[in-house]
Amino acid sequence: MRTSAVVTGALSLLLLVLVVAGWPPLLSFDRAVDEALHRHALAHPGLTRVNRVLSDWVWDPWTLRALAVAVVLALARYGHRRLALWVAGTVLAAAGVQQAMKALVGRERPVWRDPVDSASFAAFPSGHAMTATVVCGLLLWVFALVGREPWRGWGTVAGIAVVSVLGVGWTRIHLGVHWPSDVLAGWLTGWCCVAVAIVTYRRSLVVRPLPGPERDHGGAGT
């Protein structure tokens, strides 16, 4: 997991540098993909409406953060206090990293004469993609730690998480409110946050294990 954190962090930083530097091949790729999908969005209004509902309601960052809050409360209620703290702290830290990157890069969103959706704030990285990656990644981690084995519902939960992370990225590009590199940066930076959370949590158990339910996580996290 440490390697995953380093690799995704490095790739996210590289992508940030390329965007800030205005690397022509990346900008050309972003523009070509967005233009093609914008034409598709205009030609298929029904699909576009579905994507708006998914993007603005189902996979909205605040919807996912509310889900994370519910999980944190459930963990705290059943005695997993340290894990609850880690999940809450990671979601908050990721939101801070996201806003800092947006302010640092200040990238403009795509502009269309005939937009199908709108969005505010800077484009890089995609807040929707990053939040979905962080929340879904944390939820899978939590299920792996505290879930009962074998659990038949694991495949369903994992499938929903993957579809949500990939799906929200698709909707943001299809709706013309993000460049593809914005979404890729959201995925990379989001997973880096999850990986760092997992690594630091494991270290916290080694340094100062807690009695009760928390102690069981040491074996699951190694």
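Look above for the structure.
Report on the accompanying structure. Source: prediction; values computed, not measured.

Thresholds applied
Residues numbered from 1 in each chain as written. Predicted model: local features only at pLDDT ≥ 70, side-chain atom pairs only at ≥ 80, totals over all residues. Heavy atoms only, no water. Helix = DSSP H or I, 4+ residues; strand = E, 2+ residues; numbered from the N terminus. Rg over C-alpha atoms; globule rule 2.2 N^0.38 Å. Buried < 20%, exposed > 50% of the residue type's maximum accessible area, 1.4 Å probe, protein only. Contact = heavy atoms within 4.5 Å. Areas by Shrake-Rupley, 256 points an atom, 1.4 Å probe, with all protein chains shown as cover. Expected span 1.5 Å × (residues − 1). Arc of directions from axis to C-beta. Phe/Tyr/Trp six-rings, centres within 6.5 Å; stacked < 30°, edge-to-face > 60°. Lys NZ or Arg CZ within 6 Å of the ring centre and 35° of its normal.

Notes on the overall build of the chain
The helix and strand tally for the chain stands at 9 helices and 0 strands. Each helix and strand of the chain, ordered N terminal to C terminal, gives the series α-α-α-α-α-α-α-α-α. Here the C-alpha radius of gyration of the chain, 19 Å, is about what a compact globule of 222 residues would show, namely 17 Å. Per-residue burial over the chain gives 47% buried out of 222 residues. Within the chain, counting contacts between residues at least 6 apart in sequence, those at least 24 apart form 80% of the total. On the chain, roughly 11,700 Å² of surface is accessible, and the fraction owed to carbon and sulfur atoms is 69%.

So, helix α2 (residues 24–43)
If you check α2, its first and last C-alpha atoms are 29 Å apart, about what 20 residues at 1.5 Å a residue would give, namely 28 Å. Those residues of α2 lying buried are Leu26, Asp30, Asp34, Leu37, His38 and Ala41. An end-on view of α2 places all buried positions within 110 degrees of arc, on one side of the element. Opposite its buried face, α2 presents the exposed residues Pro24, Arg39 and Ala43, each directed more than 90 degrees away.

Section: unusual backbone geometry
Following Phe124, the chain continues into Pro125 via a peptide bond in cis, with omega recorded as -5 degrees. Assignment of secondary structure puts Pro125 in the loop between α5 (81–105) and α6 (127–146). Of note, the phi angle at Phe121 is positive, near 70 degrees, even though the residue is not glycine. When its relative accessible area of 72% is taken as the criterion, Phe121 is described as exposed.

With respect to the packing of aromatic side chains
Enumeration over the complete set of coordinates arrives at 2 aromatic pairs. Note on Trp86 and Tyr201: the rings are 5.6 Å apart at their centroids and 75 degrees apart in plane angle, and the pair reads as edge-to-face. Here the residue Trp86 occupies a position in helix α5, and Tyr201 occupies one in helix α8 (residues 180–207), the gap between them amounting to 115 residues. Geometrically, the ring pair formed by Trp141 and Tyr201 is edge-to-face, given 5.2 Å between the ring centres and 85 degrees between the ring planes. With Trp141 in helix α6 and Tyr201 in helix α8, this pair connects stretches of sequence that are 60 residues apart. Among the aromatic residues, ring-to-ring pairing joins Trp86, Trp141 and Tyr201 into one connected group. The ring of Trp62 is capped by Arg65, whose NZ or CZ atom sits 4.8 Å from the centre of that ring.

Notes on the environment of Leu37
Inspection of the secondary structure assignment puts Leu37 in helix α2. On a C-alpha basis, the gap between Leu37 and Pro25 in space is 18 Å, while along the polypeptide they are 12 residues apart. When sequence neighbours within four positions are dropped, the list of residues in contact with Leu37 reads Trp170, Ile173 and His174.

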